[in-house]
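# Structural characterization, general
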Amino acid sequence: MELLIDKVSKKFKDKKAVDNISLELMPGVWGLLGANGAGKTTLMRMIAGIMQPTSGQVLYDGVPIQTLGEGYRDVFGFLPQEFGFYPEFTVKDYLAYVAALKGLTERESRRRIRELLERVSLTDVYNKKIARLSGGMKRRVGIAQALLNDPEILILDEPTGGLDPGERVRFRNLLSEFAHDRIVLISTHIVPDVEYIATCHAIIRDGRLLATGTTEELVRLVEGKVWSCTIPARAVPEYESRLQIISLRNENDGSVSIRYLAENPCNDISVPSVPRLEDLYLWLFPQGGVENPKRTSRKKGGIHR
Ligand SMILES: Nc1ncnc2c1ncn2[C@@H]1O[C@H](COP(=O)(O)OP(=O)(O)OP(=O)(O)O)[C@@H](O)[C@H]1O
């Protein structure tokens, strides 16, 4: 099973939201990382077949998805960022409605809904109106509807918004389990949500593919650029003004431990810190996604320029 994104671009008037992206997705969990406006949703819509690329194409097992029509919808599950539902629907009615749209028989539908409600821990609210559910519960209904047809390809756009930490862990485990033999693509800017479960990540910025690789491969790109040291509390504003600080922790003795990103240590008490995927993300998106060509040009390895 293979989903090939072949030189796909999307232009809105003079804005190139997605710019010549090529990616070969194999079974496993894929993290699609990028700041707000990077082009994640646009790319996912094209992969879902609900938006036409301006150029390029998406192929499922070598066949362009447009020509697959219904056949593609049968193997596809999608959770958009904002999923629509009629507020008067109960959880059960809504899922039965989506199951009918996806062509499940009544029997299959009943079995699948029961199974999924258990997996996403919603059995207790089976008869409740969706409008009355908490944000996290609505999200889980969205996840259940995307899984109804047991899809081979599952695309989730910012799926963990509104989930509490316990729910996030359950959700991650559910996806890891589900991804066996399936392609799961998760778009997010919450890096820890995909750091440990994604087999591979694709990072996009300004519509372009910037890097692909496993967590281990990608964190190597910021090796030697993450530092930590302990400084007096009064020095924090000065350090903040000249460094990209990732975290600050107040110590019991009144000092502050900082972790920061820099090409070189800023003092002789700094020690190298083990990099994480979030550090790479912050290195690439220092101002929440503002283009920084100087930084990009220094990248090597998995960075596509
Ligand atoms: N229908 C549209 N018409 C015009 N511009 C659009 C349209 N959809 C998206 N864009 C623009 O394309 C760019 C990419 O948007 P997109 O929603 O794909 O980004 P994103 O990475 O999903 O962002 P977020 O994380 O905020 O959802 C943005 O600059 C956005 O304003």
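Residues numbered from 1 in each chain as written. Predicted model: local features only at pLDDT ≥ 70, side-chain atom pairs only at ≥ 80, totals over all residues.

Further remarks concern the UniProt feature "domain: ABC transporter" (unreviewed entry) in the chain. When the UniProt feature table is mapped onto this chain numbering, "domain: ABC transporter" (unreviewed entry) sits at residues 3-231. When the span residues 3-231 is considered, its composition is 34% helix and 30% strand, and the gap between its end C-alpha atoms is 49 Å. (UniProt positions renumbered as here; feature names shortened; annotations may be inferred. Helix = DSSP H or I, 4+ residues; strand = E, 2+ residues; numbered from the N terminus.)

If you trace the four strands from one edge of the open sheet to the other, you get β2-β1-β4-β5, paired in antiparallel fashion. Taken across any chain shown, the strands that pair with only one partner, and hence form the sheet edges, are β2 (15-25) and β5 (63-64). Pairing of strand β4 (residues 55-60) with β5 involves two bridges; the strand directions are antiparallel. Within the sheet, the bridge partner assigned to Leu59 lies in β5 and is Pro64. (Pairing = 2+ DSSP bridges.)

Every residue near the ligand is listed here: Phe12, Lys15, Ala17, Gly34, Asn36, Gly37, Ala38, Gly39, Lys40, Thr41, Thr42 and His189. The element contributing the most residues to the shell around the ligand is helix α1 (residues 40-48), with three residues. Partitioned by chemical class, the residues of the shell around the ligand number three nonpolar, seven polar and two charged. (Near = placed C-beta within 6 Å. Nonpolar A, V, L, I, M, F, W, Y, C, P; charged D, E, K, R; others polar.)

Time to look at the sheet that holds strand β6 (residues 76-79). With respect to topology, six strands assemble into an open sheet ordered β6-β7-β8-β3-β9-β10, the strand pairing being mixed. Both outer strands of the open sheet, β6 and β10 (208-213), are each paired with one neighbouring strand and no more. Direction aside, the axes of adjacent strands within the sheet are offset by 15° on average. Sheet analysis places strand β7 (residues 153-157) next to strand β8 (residues 183-188), joined by five bridges and oriented parallel. From the neighbouring strand, Ile153 faces β8, where its bridge partner is Ile183. Against the sheet, helix α6 (residues 135-147) makes contact with β6 and β7, and its axis sits at roughly 165° relative to β6, the strand it touches most. (Axes fitted to C-alpha atoms, helices over the stretch in contact; angles between N-to-C directions. Contact = placed C-beta atoms within 7 Å.)

Bringing the environment of Met44 into the picture now. Counting through the fold element by element, Met44 comes out in helix α1. When the C-alpha atoms of Met44 and Arg208 are compared, they prove to be 14 Å apart, with 164 residues separating the residues in sequence.

Take the packing of helix α4 (residues 91-101) against α6 next. At a minimum axis distance of 9 Å, the contact between α4 and α6 shows a crossing angle of 30°. With respect to α6, the element α4 is oriented roughly parallel. Between α4 and α6 lies a crossing of right-handed hand. Contacts between α4 and α6 involve Val91, Tyr94, Leu95 and Val98 from the first element and Val141, Ala144 and Gln145 from the second. Looking at side-chain class alone, the contact of α4 with α6 contains six nonpolar, one polar and no charged residues. (Parallel < 35°, antiparallel > 145°, perpendicular 65-115°, else oblique. Left-handed = near helix turned anticlockwise from the far one by under 90°.)

This paragraph deals with helix α5 (residues 106-119). With 14 residues, α5 extends 20 Å from end C-alpha to end C-alpha; this agrees with the ideal 20 Å at 1.5 Å per step. Those residues of α5 lying buried are Arg112, Ile113, Leu116 and Leu117. Viewed along the axis of α5, the buried residues span an arc of 130°, placing them on a single side of the element. Seen from the open side of α5, the exposed residues pointing more than 90 degrees away from its buried face are Arg107, Arg111 and Glu118. In this fold, the buried residues of α5 make contact with α4 and α6. (Expected span 1.5 Å × (residues − 1). Buried ≥ 20, exposed ≤ 12 C-beta atoms within 10 Å, placed from the backbone. Arc of directions from axis to C-beta.)

Further remarks concern the domain arrangement of the chain. Split by domain assignment, the chain resolves into domain 1 (3-219) and domain 2 (221-298). The C-alpha-based centres of domain 1 and domain 2 are spaced at 33 Å. The interface is formed by 16 residues belonging to domain 1 together with 14 residues belonging to domain 2. Mapped onto the side of domain 1 that touches domain 2, the elements with two or more residues apiece are α8 (192-195), β9 (200-205), β10 and α9 (215-219). Tallying contributions element by element places α9 first for the side of domain 1 that touches domain 2, with three residues. Considered class by class, the residues forming the side of domain 1 that touches domain 2 number ten nonpolar, three polar and three charged. (Domains from an automatic or database assignment.)

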